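A closer look at the structure
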Amino acid sequence: MNPRFSRGHGMTTRKRLELPIEGMHCAGCVLRVERALRGVPGVERVRVDLSEAVAVLEGHPGIPLAEAVTAVAAAGYRVATRKLSFPVEGMRCAACAARVEEALRRLPGVLSAEVNLATGMARVEFVPTLVTRDGLAAAVAEAGYAAAFEPAEEPTMREAERAARRAVLAWALTLPLIVWMIPEMFLGIAWPSPFGFNLAMIALSLPVLAWAGAPTYLSAIRALRARHANMDTLIALGTGASFITGPLSFALPLANYAGVAAMIMAFHLTGRALEARARGRASRAIRELLELSPATARVVRDGREVEVPLAEVRVGDVMAVRPGERIPTDGMVVRGEAAVDESMVTGEPMPRTVRPGDEVIGATVNRDGFLLVRATRVGRDTFLAQVVRLVEEAQGAKVPIQALADRVTARFVPGILAIAAITLVLWLLAPGLMRPLLRIGAFLPWVSAGLGGLSLAIAATVSVLVIACPCALGLATPTAITVGTGLAARRGILFRSGEAVQRLKDVRVVAFDKTGTLTRGCPRVVEVVPVPPHSADEVLAIAAAAERGSEHPLARAIVEAARERGLDPEAPRGFRAVRGKGVEAELARGVALVGSARNLPDPT
């Protein structure tokens, strides 16, 4: 992609970009695209091929891809790009997400990259002729993480379970350790002996760090190999320095902080478990939307109904849908007539009557009647899939306020490491200057002025490392966006971008256009107008008795109104529903007809 061309007596590296162009139809289009691209800084040569629909740019290595794309758009055409979302494994803090994002953005051909720590997802827009999926995976791997293009089912829930198990194990060993430390801390009694006490601190702390805390240390090692620091770097340094004082205390006049290392790790793992649980709950909205579609469909093949997984349904297949079932996928009615509940799409509580030739939406409910539906859209092309994709994009997008958090967290960990190093140096080289600080915390049982200089230096340094946790800052905004858009989706509100959620706080007035429908989501009876000599309760009781066997939304509203008034409608002896008209029920006092005027006998 970057051939070398001779220039004078030396060799100069030149950049070559091959951009797929959409919308070109003639030689005039070619000229307009060439003219637009020649104005891009650094471009020395442009060749546009109409038959291949590509533009080849050659010039200096610094040709700005984004400006080339903008120039093509300004000329009235479009550079074909691809958007790809994929999980990234191994991210544990905001610094990790920033590192992956930076690695992806550096790739030639990547126009934009956003990494959401709360969902663990990366979303990339790129030019497919310049970078491939393997290239994206290699960039993520070089940063010290892994791109999982084919993730296992429900990764967030399993991650939450594993994090919870590690936290439980850590506390199971740390709580006895804390109880053991209390007499030594408050009374100066090291039971059963100083040697036995120190040995117990090491023995109980080791599994907490080595097993429960293993992912933390592995993450810190990966960050070190990639030459950057993250949240786990701070915890690994703090707990490692604390634990090493345990073995050293047998040979040096040094306080044993091995137990403190286990406590730090236990608190850290508890935070990780809560974060993993929040991410799992945040992704629940997507799962619930996907679960609206049935897992299987009955496809008519060779005159017989065959039940197949929904993923095996193809465009053109004819599906049988019985009353009460969800329509498997978007399609067109080829036979039958039924009332379809489309409230999940339109918000309308009243079902829509569909007949042959009418389009239906997957995951909507067939209230009555038998339908044969020909599939017109399947998989990622269905209406429900587009809704899911819209929610995913809104959850993965970065809002303006997050830019500030990212800038802070990018400098936070290096800053903390620098402060910790300064703290260690000051306590070692200028203990007389630092010891007066002990008087401020003298009321705390773990602050002892009688400790040696090295012990105090380690304690102060570890405190700086572990007290500063930037994860809350980096995780708060994406988690809030993810949870907020997920809750909204479950209530039928879709956000097209995460920025809309942030701007919503400034909204004071909401305007609905004339086609909008504001309803409670289900009809209800607001008034009963009887004809003398019948009373309102009598009319309502008769109507409720007749409608008891119907699943129609209006029928349920009438029955619910009768119950609210304390009426007890009788059970009908016979019942018959007449599509589009109403119901006919046989009651103790006679036959009751309930429905539209068409359901009543002609008075003439």
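Keep in mind that this is a model prediction, so the values were computed, not measured.

**Quick word on the nonpolar core**
Core analysis: the biggest nonpolar cluster contains 62 residues, and Phe86, Met91, Leu104 and Leu136 have the highest contact counts within it. Counting residues per element, this core draws most heavily on helix α9 (residues 258-282), at nine residues. Both domains that meet at this core, namely domain 2 (82-153) and domain 3 (156-287 + 400-473), each give it at least three residues. In terms of nonpolar packing, the next biggest core, distinct from the first, is built from 24 residues, Leu19, Leu37, Val48 and Ala68 among them.

**A look at the sheet that holds strand β16 (residues 352-354)**
Strand order in the open sheet formed by three strands is β16-β15-β18, and the pairing between neighbours is antiparallel. Looking along the sheet, the strands with just one partner apiece sit at the ends: β16 and β18 (365-368). Going across the sheet, the axis of each strand differs from the next one's by a mean of 45°, ignoring polarity. Bridging between strand β15 (residues 338-341) and β16 involves three bridges; their strand directions are antiparallel. The partner of valine 340 across the bridge, within β16, is arginine 352.

**A few points about the pairing of strand β11 (residues 296-301)**
Two strands pair when backbone bridges link them, and β11 and strand β12 (residues 304-309) are joined in this way by six bridges, in the antiparallel orientation. The residue of β12 that forms the bridge with arginine 301 is arginine 304. Between β11 and the antiparallel strand that follows it, β12, lie two residues; aspartate 302 among them carries a positive phi value of about 55°. Direction of pairing for β11 relative to strand β13 (residues 318-321): antiparallel, over a ladder of two bridges. Directly across from arginine 298, in β13, lies its bridge partner alanine 320.

**Focus: the side chain of serine 455**
Tracing the backbone through its elements, the reader meets serine 455 in helix α15 (residues 453-467). Polar side-chain contacts of serine 455 include one of 2.9 Å to the backbone nitrogen of alanine 255. Other than its neighbours up to four places away in sequence, serine 455 contacts Pro253, Leu254, Ala255 and Tyr257.

**Considering the packing of aromatic side chains**
What the rule picks out here adds up to three aromatic pairs. The interplanar angle of 90° and the centroid separation of 5.0 Å between the aromatic rings of tryptophan 171 and phenylalanine 267 together place this pair among those described as edge-to-face. With tryptophan 171 in helix α5 (residues 155-186) and phenylalanine 267 in helix α9, this pair connects stretches of sequence that are 96 residues apart. Arranged with centres 5.9 Å apart and planes meeting at 50°, the rings of tryptophan 180 and tryptophan 191 form a pair that is tilted.

**Re the sheet that holds β11**
For sheets, the rule is that strands pair by backbone hydrogen bonds, running either parallel or antiparallel. Spatially, six strands are ordered β12-β11-β13-β19-β14-β17 in an open sheet, and the strand pairing comes out antiparallel. With partners counted over all chains shown, the strands left at the sheet margins are β12 and β17 (359-360), one partner each.

**Side note on the pattern of salt bridges**
A full pass over the atoms with the stated rule returns 20 salt bridges. A salt bridge links arginine 322 to glutamate 305; the nearest nitrogen and oxygen atoms lie 3.1 Å apart. In this pair, arginine 322 sits in the loop between β13 and β14 (331-335) while glutamate 305 sits in strand β12, placing the two residues 17 residues apart along the sequence. Arginine 322 gets classed as partly exposed once you look at its relative accessible area, which sits at 32%. Note that glutamate 337 is salt-bridged to arginine 355, the shortest N-O span being 3.6 Å. Of this pair, glutamate 337 sits in the loop between β14 and β15 while arginine 355 sits in the loop between β16 and β17, and the two are 18 residues apart along the sequence. Overall, the relative accessible area of 42% leaves arginine 355 in the partly exposed class. What emerges from the salt-bridge pattern is a single network uniting Arg298, Glu305, Arg322 and Glu325.

Reading the values: the criteria
Residues numbered from 1 in each chain as written. Predicted model: local features only at pLDDT ≥ 70, side-chain atom pairs only at ≥ 80, totals over all residues. Heavy atoms only, no water. Core = buried A, V, L, I, M, F, W, Y, C linked by side-chain atoms within 4.5 Å. Buried < 20%, exposed > 50% of the residue type's maximum accessible area, 1.4 Å probe, protein only. Helix = DSSP H or I, 4+ residues; strand = E, 2+ residues; numbered from the N terminus. Domains from an automatic or database assignment. Pairing = 2+ DSSP bridges. Axes fitted to C-alpha atoms, helices over the stretch in contact; angles between N-to-C directions. Polar contact = N/O pair within 3.5 Å; in protein donor to acceptor, adjacent residues only side chain to side chain. Contact = heavy atoms within 4.5 Å. Phe/Tyr/Trp six-rings, centres within 6.5 Å; stacked < 30°, edge-to-face > 60°. Salt bridge = Lys/Arg side-chain N within 4 Å of Asp/Glu carboxyl O.

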